[in-house]
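Per-entry structural report
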Amino acid sequence: MPKLKSKRAAMKRYRFTKSGRVKFQRPGRRHNMHVKSEKRKRDLNHPTYLQHVEQDKVERQLPYGGR
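Keep in mind that what you see is a predicted model, and the values were worked out from it rather than measured.

**Thoughts on the overall build of the protein chain**
Regarding its fold elements, the protein chain presents 3 helices and 3 strands. Walking the protein chain from its N terminus toward its C terminus, one meets helices and strands in the order α-β-β-α-β-α. Taken over the C-alpha trace, the protein chain has a radius of gyration of 15 Å; the compact-globule value for 67 residues is 11 Å, which it surpasses by more than 25%. Viewed in the frame of its principal axes, the protein chain has a C-alpha envelope of about 50 × 20 × 20 Å. Of all 67 residues assigned to the protein chain, the portion counted as buried reaches 18%.

This is the structure we're talking about:
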């Protein structure tokens with residue numbers, strides 16, 4: 001059976017944790033930082049986790065990354 005291809009854009013955006021959750025960095029940290037408040041910048045600084053509904057989509061795009 002041939003190897004499955006992964007979506008390259010998904011590989012750059014998502015990482016799987018040891019427990020199987022999907023971690024990603026929030027968008028909005030690239031430019032126009034002087035407009036955003038300090039609290040908003042601090043909140044954007046931490047990675048977050050996908051909801052279970054959307055996690056299934058990412059697992060289909062990355063066949064060898066999850067579970």
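Okay, back to it.
**Comments concerning helix α3 (residues 52-61)**
Residues of α3 that are buried include every one of Gln 55, Val 58 and Glu 59, and no others. End-on, the buried residues of α3 take up no more than an arc of 100°, which puts them together on one face. α3 presents Val 53 and Arg 60 as exposed residues on the side facing more than 90 degrees away from its buried surface. Residues of α3 that are buried in the fold lie against β1 (14-16) and β2 (22-24).

**Some details on the pattern of salt bridges**
This model, assessed by the stated rule, comprises 2 salt bridges. Between Lys 39 and Asp 43 there is a salt bridge; the shortest N-O distance is 3.5 Å. Of this pair, Lys 39 and Asp 43 both sit in helix α2 (residues 38-44), 4 residues apart, roughly one helical turn. Looking at Asp 43, the relative accessible area reads 45%, which means it is partly exposed.

Quick notes on the rules
Residues numbered from 1 in each chain as written. Predicted model: local features only at pLDDT ≥ 70, side-chain atom pairs only at ≥ 80, totals over all residues. Heavy atoms only, no water. Helix = DSSP H or I, 4+ residues; strand = E, 2+ residues; numbered from the N terminus. Rg over C-alpha atoms; globule rule 2.2 N^0.38 Å. Buried < 20%, exposed > 50% of the residue type's maximum accessible area, 1.4 Å probe, protein only. Arc of directions from axis to C-beta. Contact = heavy atoms within 4.5 Å. Salt bridge = Lys/Arg side-chain N within 4 Å of Asp/Glu carboxyl O.

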